[in-house]
Amino acid sequence: MSKRETFLRTVCKKNRENFLLFIQLHKDKAEPFDVEEVVQEMPRDQRQTLWGKLALLLQDVLQELPEESREEGMEAAADPKHVMAVVDGVTLVASASLNVLQEGDSYSALLETAHRLHAVLESLPVSEAPLQIHILTLCETWWKKSLKEKEKFGRTAFLAALQKSFTLKKPGVEIQRVWSLHDVLLSLDFTSEDNKQATDLLLQCFQFPNFIKNDDGKRFLVFLFSWDVGFIPMIHGTVKNGLEFYSKTRTAHITEIYFRAWKKASGDFLEQIESSCVQDLMRCAILLSRSSPVFDKVRQIVNYFHKKKSCPRVEKMLYHLYKPVLWRALSAPNFEVRANAALLFAEAFPLHDPEQNCSNMDKTIQKQLDTAMELLNDTHPTVRSSATLGVCKVLAKFWELFPPTIITDFLKKMMELATDSSSADVRCSVFKSLPIVLENPLSHPILEKLLPTLKYSLHDSSEKVRAAFVDVLIKGKEVRALKFWDVCQTDHLLTRLAIDTHPVSKRIVDLLFKSFFPVSEPEREWCCRCITLIQMNPAAARKFYHYAAQHTASSNILNLMLAIRRVLNSCIQKNSELSEINDSNKENSAQADPLLDTVTVARLLEVVVIMWKTVEKALKRNEDARKYMFSKFGNVMSKYFQAFEDEQCTAPLVQLASFMPPAAVPTFSCGVLSRLRRMDSGAAPAQYSQLLHCMCSWGLCADVLELTTDWLSDALPKHGDKGNANRKVRIQETVEAKPDLALTYLEYLFNHTSTREKVLSVGEGPLKQLHTVLGNWQSVLNSHLSSASEDPERPEVETSLRVFMYHGRLSAHLQHNFSEGRDYLLSTERVASWVAEEVLPFMAKPSNQEDSEDSETTQRLAAKITESFLTVCRDVILVGLADKAFKDQILHLCLLTLVSGAGYLCVPAVLHILKEVVTDAFVPEENERDLENQEDPTSFNLGVVAKIFQVIIELLARRLRKEPEEGKQLCQAAVPGLADFLQVAQTWGREPLCGVFSTLFAVIIVEKTHLLQKMSHPEEMITPESVEDMPPLSSVLLSVILKSPCVTRAFLTEVSSTLDSEDISSLNNLASILHVLAVIKHTGQCKVSLKSAAASVQQQLHKHAFTCKDSKDIPRVLYESSVKTLNEILDL
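Residues numbered from 1 in each chain as written. Predicted model: local features only at pLDDT ≥ 70, side-chain atom pairs only at ≥ 80, totals over all residues. Heavy atoms only, no water.

Chemist: Account for the overall build of the protein, with residues named and values stated.
Modeler: Within the protein one finds 59 helices and 0 strands. Sorting the 1132 residues of the protein into buried and exposed places 51% on the buried side. A sequence separation of at least 24 residues applies to 73% of the contacts in the protein between residues at least 6 apart. Of the roughly 54,400 Å² of accessible surface on the protein, 50% is carried by carbon and sulfur atoms. (Helix = DSSP H or I, 4+ residues; strand = E, 2+ residues; numbered from the N terminus. Buried < 20%, exposed > 50% of the residue type's maximum accessible area, 1.4 Å probe, protein only. Contact = heavy atoms within 4.5 Å. Areas by Shrake-Rupley, 256 points an atom, 1.4 Å probe, with all protein chains shown as cover.)

Structure (structure tokens):
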């Protein structure tokens, strides 16, 4: 019996085990059995018998399954794996049969099998993915063979491939399959409700990056434009909705798809694409605001069509589509529409029908040129700027086609706009656009004559105009169109380089670089040019060599530094032997370097320092070059210090020495610490700053710290020295302690990042010792508080206060860099306890009139100590070092401070503390829900903050009442802190900080109501128009509130909520509220919130209408005035 007959006999229910065995042999690559080969060898009758038996086998196998199991994806079957194996085998044989199907074969049984497999496909579980793939392959093959009922199978295969292409990480193969099945769409009815799923999937393709970038995907997306005319607007709508999220590259792919779809379209499809897509994009490019996130992308798509204008068909399309929209937009009332239209007009220029005759075409172009000139004369600067750019693009592209008169007219207009005093944007646009014109060589002769008339634009008041003007000079130099020194003198360029900002300066260096650093010339010439530049403008020279490293290799910078060294060596040859100075006879050329004056030498040294800084990173990467530079300059540094003793030379020499190791400059490095020790206390920063940098760069920070520690320790008053009977006789150098200078050194070291990092790298030991010494100065403050009389043995108060502050600052540095726990926070907390116990009692009012003067001095000192400490605490919280315990203690100290006698003096410092506590506790809105069911650890802190704020407001009110002048000064000092605190407090908008705005509202209303109650005549009723018309405290508080729209809105929200709760109902209170709202109305802020508050007042005010009819004059006038004010607010 042959294989064919044996295999045929197994295709039945009772022999299905043998059937599965044959299928397994087919799948085993080592076995020679192949189902497709066997089926192909079968005669036609045998094949039809096979297909009939296949259909029967599949039917029998599927009937073995319970009905509910089939509905549930066959997961409940007795042996689902066995059933699936048989179904998979049937699918394999059916697919093989399709591949060998011959013309004339009757395949009705095979069609029945395919239908059953199609029905099975819909209910297969996810675990049977291989079987799904086999059935879908069968459906795909059925479609490609164009067999009966192919539409059903093709649709299934197409949709499955489409869905899979969205889920796979590498969908290239599936996208290729989708494209191979794209003809399936022609058999689908776009309007049918059954195909809505397919329509949605197809629209998703335009949002799927893999489809847009893939070549087959692009072909498919282009094809979709030809599926149905009604589908085109849906495609365009999908693209527009997603355009905001497209990258520039993705937008370019979409643009190509649009263009290819338009190019292939014809008839109704072409008309729909042009009207619904291309023309709609044109309208969007005209009407969209330039701040729109899709504006640039729409312009990108439209510009793609402009670039294809060389094709007559595209040119004709642009002419007809722009005709109804562009010309109307160029004269639109809205300036932004005109500006956008001007750009499109210039990019599409000339707009004409290529089928027109020459005469009509000339008239059309002349009309468009006239329109361009009108746009240059537009009343709005944005339109003039856009027109300038557009006209320059047109001139650059069509220069040789325009008559000279037209070119001259346009360029003259450009020169006028370059000096347009009404708009810097227009002037800038001219200079940004002229480089485009310079791209055309034919423009060079005329621009060479016109540009010198604009030379003073280099000194324009606008930075961007100056930068754009220099860009024109650079462009002219690049294209060899003009000599920049003929347009603008070098002296002017150097002056501007010396004083201008970074954007302009770096452009001027780019322009002048080859002139003053001719890399192709010998190094001696570089040095001569450097000296020339220094003598022309020293400040410009410094800037020039600061940017020089951006224009040449680091090796050239190093060579110039060595060349300057040789020149400096030649200046001191008269005092030294040649062999001691120069490295070799080769350095001493026969042509002697010129002797330079002291000023030039100082400037050369500055240039060397500047260039060394620019190549410092490169030197660190190249150890050999670094050692070479150390050797070369180290050999001559001692001679330089001897020869160039002028102060102008010394400063750069010290800085140069700081770049090298101390061993390279031994004579100098040994004396730096002595110079710092001998420095006067009132020394200027220039005298010690470079010396400190030297010590830090040499790794000798510990010596400086030791010096400052010794000075601060020695300056402390000594106790018990007289009672020391065992003193020994010692001979030691008498060194004066300089605590003020020590603090000056510390301030400089910690205020500069580079030196601070070096100091902190010393380690905890020396810094901890310094911290201890600083802490010991509390005893000096104690003595000042205890005795107001002068003591020559005791350091001054100001010095003691500075030490006290630096103790707190150093605690913060040590906590941040060295403590894993809270060691140094505890130190600060101990200081807080000392302030509370030892300092605050001195802020109480003097009880004895005789000692009032001394007590007042002590009181002021106690306030200064407290304020200094609170400032340090604010910084600790600001940098995130404070934990809850620390903030609790500091807030407690703030409260104690405010309730002490002179606590009002510390109000500004306390406000800054409150602001930082609230900022540190702020929880963004997206995290609020996570904390809803948790105990909020910050709630207690914020409750205390609200309470302290209330105390502050009460203090301000009390001082204004008792000492009006002092109170006003205090209020003005508190304004910055109040503004910062309220700005942060309004971000919460919930308890417990809502109490802050309740306090503000209550104080303002109480103060204003009190003023209204004192009114004795109706003529005194005046509705305020500004904060100056309000009572003193209300005036200050409202001025702070009105600085920020957010704070104003939060305040008005509090007004509305208080009124809605009906806590306020008296006429005086309502009138006071309306006076506040009137002041806010005149600022023009928060109109919606203002009207809402006014409406809440209106609900309460109408209750007083009847009571005021027959009342005395003042209540009636108050009511009528309130009604008038209310109506004015509601009519906004």
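Additional details are given in the paragraphs that follow.
Chemist: Tell me about the packing of aromatic side chains, and please be specific about residues and values.
Modeler: For the coordinates displayed, the defined rule picks out 37 aromatic pairs. The interplanar angle of 20° and the centroid separation of 5.9 Å between the aromatic rings of Phe513 and Phe544 together place this pair among those described as stacked. With Phe513 in helix 29 (residues 502-516) and Phe544 in helix 31 (residues 538-547), this pair connects stretches of sequence that are 31 residues apart. Aromatic pair Phe516 and Phe544: ring centres 6.1 Å apart, planes at 75°, arrangement edge-to-face. On the criterion of sequence distance, the pair formed by Phe516 in helix 29 and Phe544 in helix 31 is long-range, its members being 28 residues apart. We note that Phe516, like Phe544, is buried. Taken together, the ring pairs connect Phe513, Phe516, Phe517, Trp526, Phe544 and Tyr545 into an aromatic cluster. We note Lys150 situated over the ring of Trp143; from NZ or CZ to the ring centre the distance is 4.6 Å. (Phe/Tyr/Trp six-rings, centres within 6.5 Å; stacked < 30°, edge-to-face > 60°. Lys NZ or Arg CZ within 6 Å of the ring centre and 35° of its normal.)

Chemist: With reference to specific residues and values, describe unusual backbone geometry.
Modeler: Between Phe349 and Pro350 the backbone carries a cis peptide bond, its omega angle lying at -10°. In this fold, Pro350 is placed in the loop between helix 20 (335-348) and helix 21 (358-376). Of note, Glu149 is a non-glycine position whose phi angle comes to about 55°, a positive value. Assignment of secondary structure puts Glu149 in the loop between helix 8 (129-144) and helix 9 (150-167).

Chemist: Pulling in residues and values, what's your account of the packing of helix 29 against helix 31?
Modeler: Between helix 29 and helix 31, whose axes approach to 9 Å, the crossing angle comes to 85°. Between helix 29 and helix 31, the interaxial angle falls into the category roughly perpendicular. Each of His502, Ser505, Lys506, Val509, Leu512, Phe513 and Phe516 in helix 29 lies in contact with helix 31, whose residues at this interface are Lys543, Phe544, Tyr545 and Tyr547. The class makeup of the residues in the contact of helix 29 with helix 31 is 7 nonpolar, 2 polar and 2 charged. (Axes fitted to C-alpha atoms, helices over the stretch in contact; angles between N-to-C directions. Parallel < 35°, antiparallel > 145°, perpendicular 65-115°, else oblique. Nonpolar A, V, L, I, M, F, W, Y, C, P; charged D, E, K, R; others polar.)

Chemist: If you had to explain the environment of Arg959 to someone new, which residues and values would you point to?
Modeler: Take Arg959: it is sitting in helix 52 (residues 939-962). Take Arg959: its relative accessible area is 10%, and that puts it in the buried class. Linking Arg959 and Tyr904, residues 55 residues apart in sequence, is a C-alpha distance of 8.1 Å. Ignoring anything within four residues of it in the chain, the contact list for Arg959 reads Tyr904, Pro964, Glu966, Gly967 and Leu970.

Chemist: Give me the lowdown on helix 37 (residues 647-659), citing residues and values where you can.
Modeler: With 13 residues, helix 37 should reach 18 Å at 1.5 Å per residue; the first-to-last C-alpha distance of 19 Å fits that figure. The buried count for helix 37 comes to 10 of 13 residues, which makes it a mostly enclosed element. Taken as a whole, helix 37 has its buried residues at Cys649, Thr650, Pro652, Leu653, Val654, Gln655, Leu656, Ala657, Ser658 and Phe659. The inward-facing, buried residues of helix 37 abut helix 34 (598-614), helix 35 (616-621), helix 36 (623-643), helix 38 (666-669), helix 39 (672-678) and helix 40 (685-697). (Expected span 1.5 Å × (residues − 1).)

Chemist: Tell me about the side chain of His182, residues and numbers included.
Modeler: Mapped onto the elements, His182 comes out in the loop between helix 10 (172-180) and helix 11 (196-204). The exposure class assigned to His182 is buried, which follows from its relative accessible area of 14%. There is a polar contact of 2.4 Å between the side chain of His182 and the backbone oxygen of Trp179. When residues no more than four places from it in sequence are discounted, the contact partners of His182 are Phe158, Phe220 and Phe223. (Polar contact = N/O pair within 3.5 Å; in protein donor to acceptor, adjacent residues only side chain to side chain.)

Chemist: I'd like to hear about the nonpolar core, residue by residue, with values.
Modeler: Ranked by size, the top nonpolar core spans 279 residues in total, and within it Phe7 and Phe220 carry the most contacts. Sort the elements by how many residues they give to this core and helix 32 (residues 554-571) lands first, with 10 residues. If sequence neighbours within four positions are ignored, Phe7 has contacts with Phe19, Phe22, Phe33, Val35, Val38, Met42, Leu50 and Val93. The next biggest cluster of nonpolar side chains, apart from the first, holds 113 residues, and it includes Leu893, Leu905, Leu911 and Leu1038. (Core = buried A, V, L, I, M, F, W, Y, C linked by side-chain atoms within 4.5 Å.)

Everything listed here is a matter of geometry and, on its own, says nothing about what the molecule does.
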